[in-house]
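Architecture and fold: a report
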Amino acid sequence: MGRKLKVAVVGATGAVGEAMLAVLAERRFPAEVVALASARSAGDLVAFGDDEVLVQELAGFDPAGVDIALFSAGADVSKEFAPKFAAAGAVVVDNSSAFRRDPDVPLVVAEVNPEALEQRPKGIVANPNCSTMQMLVALAPLHRAAGIERINVATYQSVSGTGRRALEELGRQTAALLNFQPADAEVYPVQIAFNVIPHGGDFLDNGYTTEEMKLVWETRRILGDEAIAVNATVVRVPVFYGHSEAVSIETRDKLSAERARELLRAAAGVEVVDERAGGGYPTPVTHASGRDPVYVGRIREDLSHPRGLNLWVVADNIRKGAAVNAVQIAELLLPSLRDGRSGG
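Anyway, here's the lowdown on the structure attached to this text. From a predicted model like this one, the values you see are computed outputs, not experimental measurements. (Residues numbered from 1 in each chain as written. Predicted model: local features only at pLDDT ≥ 70, side-chain atom pairs only at ≥ 80, totals over all residues. Heavy atoms only, no water.)

What follows deals with the packing of helix 3 (residues 130-146) against helix 5 (residues 210-223). The N-to-C vectors of helix 3 and helix 5 enclose an angle of 40 degrees; their axes lie 10 Å apart at closest approach. Classed by the angle they form, the pair helix 3 and helix 5 counts as oblique. Taken as a pair, helix 3 and helix 5 cross one another with a handedness that is right-handed. In this structure, helix 3 contributes Ser131, Thr132, Met135, Leu136, Ala140 and His143 to the contact, and helix 5 contributes Lys214, Leu215, Glu218, Thr219, Ile222 and Leu223. Taken together, the residues that form the contact of helix 3 with helix 5 break down as six nonpolar, four polar and two charged. (Axes fitted to C-alpha atoms, helices over the stretch in contact; angles between N-to-C directions. Helix = DSSP H or I, 4+ residues; strand = E, 2+ residues; numbered from the N terminus. Parallel < 35°, antiparallel > 145°, perpendicular 65-115°, else oblique. Left-handed = near helix turned anticlockwise from the far one by under 90°. Contact = heavy atoms within 4.5 Å. Nonpolar A, V, L, I, M, F, W, Y, C, P; charged D, E, K, R; others polar.)

Let us now look at the side chain of Gln328. Residue placement: Gln328 occurs in helix 8 (residues 319-338). Look at Gln328 and you get buried, because its relative accessible area is 14%. One polar contact links Gln328 to Lys320, side chain to side chain, over a distance of 2.7 Å. Contacts of Gln328, omitting those with residues within four sequence positions, involve Arg27, Ala110, Glu111 and Lys320. (Buried < 20%, exposed > 50% of the residue type's maximum accessible area, 1.4 Å probe, protein only. Polar contact = N/O pair within 3.5 Å; in protein donor to acceptor, adjacent residues only side chain to side chain.)

Let's shift gears to the sheet that holds strand 11 (residues 270-272). Spatially, 9-8-10-13-12-11 is the arrangement adopted by the six strands of the open sheet, whose pairing is mixed. Bordering the open sheet on either side are strand 9 (229-236) and strand 11, each of which pairs with just one other strand. Sheet twist, expressed as the average angle between the axes of neighbouring strands with direction ignored, equals 20 degrees. Strand direction decides the pairing type here: strand 10 (residues 243-251) and strand 13 (residues 308-315), joined by eight bridges, are antiparallel. (Pairing = 2+ DSSP bridges.)

Moving on to unusual backbone geometry. Residues other than glycine seldom take positive phi values, yet Arg28 does so here, at roughly 50 degrees. If you trace the backbone, Arg28 turns up in the loop between helix 1 (15-26) and strand 2 (31-37). Its identity is not glycine, yet Phe194 carries a phi of approximately 55 degrees, on the positive side. Here Phe194 is to be found in the loop between helix 4 (164-178) and helix 5. A relative accessible area of 57% places Phe194 in the exposed class.

Once that is clear, we can look at the environment of Val239. Following the sequence through the fold, Val239 ends up in the loop between strand 9 and strand 10. The spacing of Val239 and Pro335 is 96 residues in sequence and 39 Å in space, taken between C-alpha atoms.

Worth remembering: the numbers are spatial, not functional.
Shown next, in the form of structure tokens:
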């Protein structure tokens, strides 16, 4: 047996970084773990299963000897440091938007297109946006069976997708309003508590936002089909953890609701919760939060289209939407790393 592998978690003190460490420990990933973050967090301790790991400063860290680097520290940090880790021999799994549209960087959902990992000339693999990821875990088996021509999706995204400050803002605003105090907005442009905001990311010239266009670009790339039409509306809702999506699809071949349920029940990473009764559907609080699967319910044929289906898709955006997929990718890379093949 060769040397023990080394995994670096970059952005270890953030919400996703903490989840990556938790998932690595839970899944007993066979590697030494290094926690990296900015200078202000260096010296802190972060949880790793029943143990703790000392946080080291990213800027002064020598990446030599790192086999896999899981990045979740923002696009600017990834653009600066991911190539350095890759040049030192590590495979970087990046959770930011920095490399998702780079044709030389595979964009991978573990259950959907693991074969894309075979070619990674830059030594970097990109994690898709959390909303895209959960949607495609649910839609890929339907696409393989019947060919999806069009996707119309409205997301209901939790504040944890914006980061820790957004979680604090929702809590602070909720407490203020319940005490008849004003709710000041700092992270979001308007109050998020007891409200919904049809806005995620930056507005583009076409009227859509960057969060909405990620669903378009990333879906086509991951499914390997530029002809798929995708129309998205992103909405931020006052939920702490777990994104929900109302998804309508139009398929090339007719796919009944019952056949869709069968395909989804057999799909890796999916749990079907689809009873026609109160509570017989997944929600962020009752199903997704803190758990790994993508939950699908409200599966029904579209009354307005002869080859249409409607689905309700829910997942924990921090765990499955970021941390779990990154660790699953690392697990898929293990055989090649043990064979000494880090590149593509």
